[in-house]
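Overview (structure and organization)
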Amino acid sequence: MPSYVANGFGHLQIRPLLKDVSIDPWRPNSVRNLRQLVRSDAVDAAPLKTRSGVSGRSPALCKPLPGARPTHSGGKGSVVPRRRTANLLARADKQSMDNATFIPPNKQDKQILTLPTILTLLRVASIPVLIGVWFSNLSSASIICSGVFVTACLTDYLDGYLARKMNSTSAFGAFLDPVADKLMVATVLILLASEPLKGGPWAGNTWLLPSLSSAIIGREITMSALREWAASCSPEAHQAVAVSSWGKWKTATQMTSISLLLATAGNISNQVLEIAAALAAPMLCVAAFLTLWSLADYMRAVWPYM
């Protein structure tokens, strides 16, 4: 709680701690309104103490408030605060200061269904659509599945951009966004692992995709548990597992390789699909490596807090 004291020379001091505090500007007794009535050099003064009866006044402590007038009983230079300041200080009691309303810098929107959150929900709703198309008898099922996945990746970028641009964030949206990403990636990897590779140098291979899928899904489960533990441990530990550049490169490589694998999961009928099939599996290997490397990097950063 802020402290106020007369310094013995007729003006108010406020602790320097309160200089940059953001207080509700509509409260008549807020520190912001009080600070406007006090000289800036008095705010920047040394820690508070009652100066009554002490000689050798410093300039920062001895300058009167604007509107102060000389007294008839004090010594040379003695001043008293003007009446308006004195009345305002009388109202700034302990209760009013305890009830001051602090305004957080980035206040979250209390509305749940914001536009970014709706895009995230659409991404979750596209998962059963993708599964249905995968097991359908459509000749272009693999291309449609790849298109659905690419659209989901674009909405992942778009909802984050809109949330920052419109300043429209919510706790529900912050929770749902990473969940939607992990659900989509895990579902697609399971579908891909259920069939052998259709093209490229490893055509017909049955163990590569299940192995890489297990590594990627296992890492995501581990990171979810690690971030939950770090959040309950301390703010410093939670900051240590914030998204890094390794995680961003992992996500980009992973999304690209999965899109190519989906597009080449059906009949490879042209040269473009043959090139995509040749690149898809090696890119997923790179994505799996970056996935495990980023996990090791996060573990190294959070290890001192364990």
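Let me begin by describing the structure that accompanies this report. (Residues numbered from 1 in each chain as written. Predicted model: local features only at pLDDT ≥ 70, side-chain atom pairs only at ≥ 80, totals over all residues. Heavy atoms only, no water.)

Some words on the overall build of the protein chain
Counting its regular elements, the protein chain contains 12 helices and four strands. Long-range pairs, those at least 24 residues apart, make up 71% of the contacts in the protein chain between residues at least 6 apart in sequence. As displayed, the protein chain offers around 17,800 Å² of accessible surface, 62% of which is attributable to carbon and sulfur atoms. (Helix = DSSP H or I, 4+ residues; strand = E, 2+ residues; numbered from the N terminus. Contact = heavy atoms within 4.5 Å. Areas by Shrake-Rupley, 256 points an atom, 1.4 Å probe, with all protein chains shown as cover.)

Some points on the pattern of salt bridges
Under the criterion given, the structure shown has nine salt bridges. Ionic pairing is found between Arg123 and Asp156, a salt bridge with its closest N-O pair at 3.5 Å. In this pair, Arg123 sits in helix 6 (residues 115–134) while Asp156 sits in helix 7 (residues 141–165), placing the two residues 33 residues apart along the sequence. Through salt bridges that share partners, Arg123, Asp156, Asp159, Asp177 and Asp181 make up one connected network. (Salt bridge = Lys/Arg side-chain N within 4 Å of Asp/Glu carboxyl O.)

Side note on the packing of aromatic side chains
The geometry of an aromatic ring pair is captured by two quantities: the separation of the ring centres and the angle between the planes. Within this structure, the stated rule accounts for four aromatic pairs. When the ring of Tyr157 is compared with that of Tyr161, the centres are 6.3 Å apart and the planes differ by 15°; the resulting orientation is stacked. With a gap of four residues between them, Tyr157 and Tyr161 both fall in helix 7, about one helical turn apart. Note on Tyr161: relative accessible area 36%, which makes it partly exposed. Seen in terms of ring centroids, Phe289 and Trp293 are 5.9 Å apart; in terms of plane orientation they differ by 35°. Their pairing is tilted. Of the two residues, Phe289 and Trp293 both sit in helix 12 (residues 271–302), four residues apart, roughly one turn of that helix. (Phe/Tyr/Trp six-rings, centres within 6.5 Å; stacked < 30°, edge-to-face > 60°. Buried < 20%, exposed > 50% of the residue type's maximum accessible area, 1.4 Å probe, protein only.)

Examining helix 6
Taking 1.5 Å of rise per residue, 20 residues should cover 28 Å, and helix 6 covers 29 Å from first to last C-alpha, within 8% of that figure. Among the residues making up helix 6, those that are buried are Pro116, Thr117, Leu119, Thr120, Arg123, Ser126, Ile127, Leu130, Val133 and Trp134. The inward-facing, buried residues of helix 6 contact helix 7, helix 8 (171–193) and helix 11 (245–263). (Expected span 1.5 Å × (residues − 1).)

Remarks on the packing of helix 9 (residues 208–233) against helix 12
Remark: helix 9 packs on helix 12, axes separated minimally by 10 Å, with the N-to-C direction vectors making an angle of 25°. What the angle tells us is that helix 9 and helix 12 run roughly parallel. Between helix 9 and helix 12 lies a crossing whose hand is left-handed. Contacts between helix 9 and helix 12 involve Leu208, Leu209, Leu212, Ala215, Ile216, Arg219, Thr222, Met223, Leu226, Arg227, Trp229 and Ala230 from the former and Ala281, Leu284, Cys285, Ala288, Thr291, Leu292, Ser294, Leu295, Tyr298, Met299 and Val302 from the latter. Considering only residue class, the contact of helix 9 with helix 12 consists of 18 nonpolar, three polar and two charged. (Axes fitted to C-alpha atoms, helices over the stretch in contact; angles between N-to-C directions. Parallel < 35°, antiparallel > 145°, perpendicular 65-115°, else oblique. Left-handed = near helix turned anticlockwise from the far one by under 90°. Nonpolar A, V, L, I, M, F, W, Y, C, P; charged D, E, K, R; others polar.)

A few points about the nonpolar core
Within the largest apolar cluster, 29 residues are counted, with the highest numbers of intra-cluster contacts made by Leu130, Phe149, Val188, Leu192, Ile258 and Leu262. Listing elements by their share of this core, those giving two or more residues are helix 6, helix 7, helix 8, helix 9, helix 11 and helix 12. Ranked by residues supplied to this core, first place goes to helix 8 with six residues. Apart from residues lying up to four places away in sequence, Leu130 is in contact with Cys145, Val148, Phe149, Met184, Val188 and Leu191. In this structure, Met223, Leu226, Ala230 and Ala237 belong to the second largest nonpolar core, which totals eight residues. (Core = buried A, V, L, I, M, F, W, Y, C linked by side-chain atoms within 4.5 Å.)

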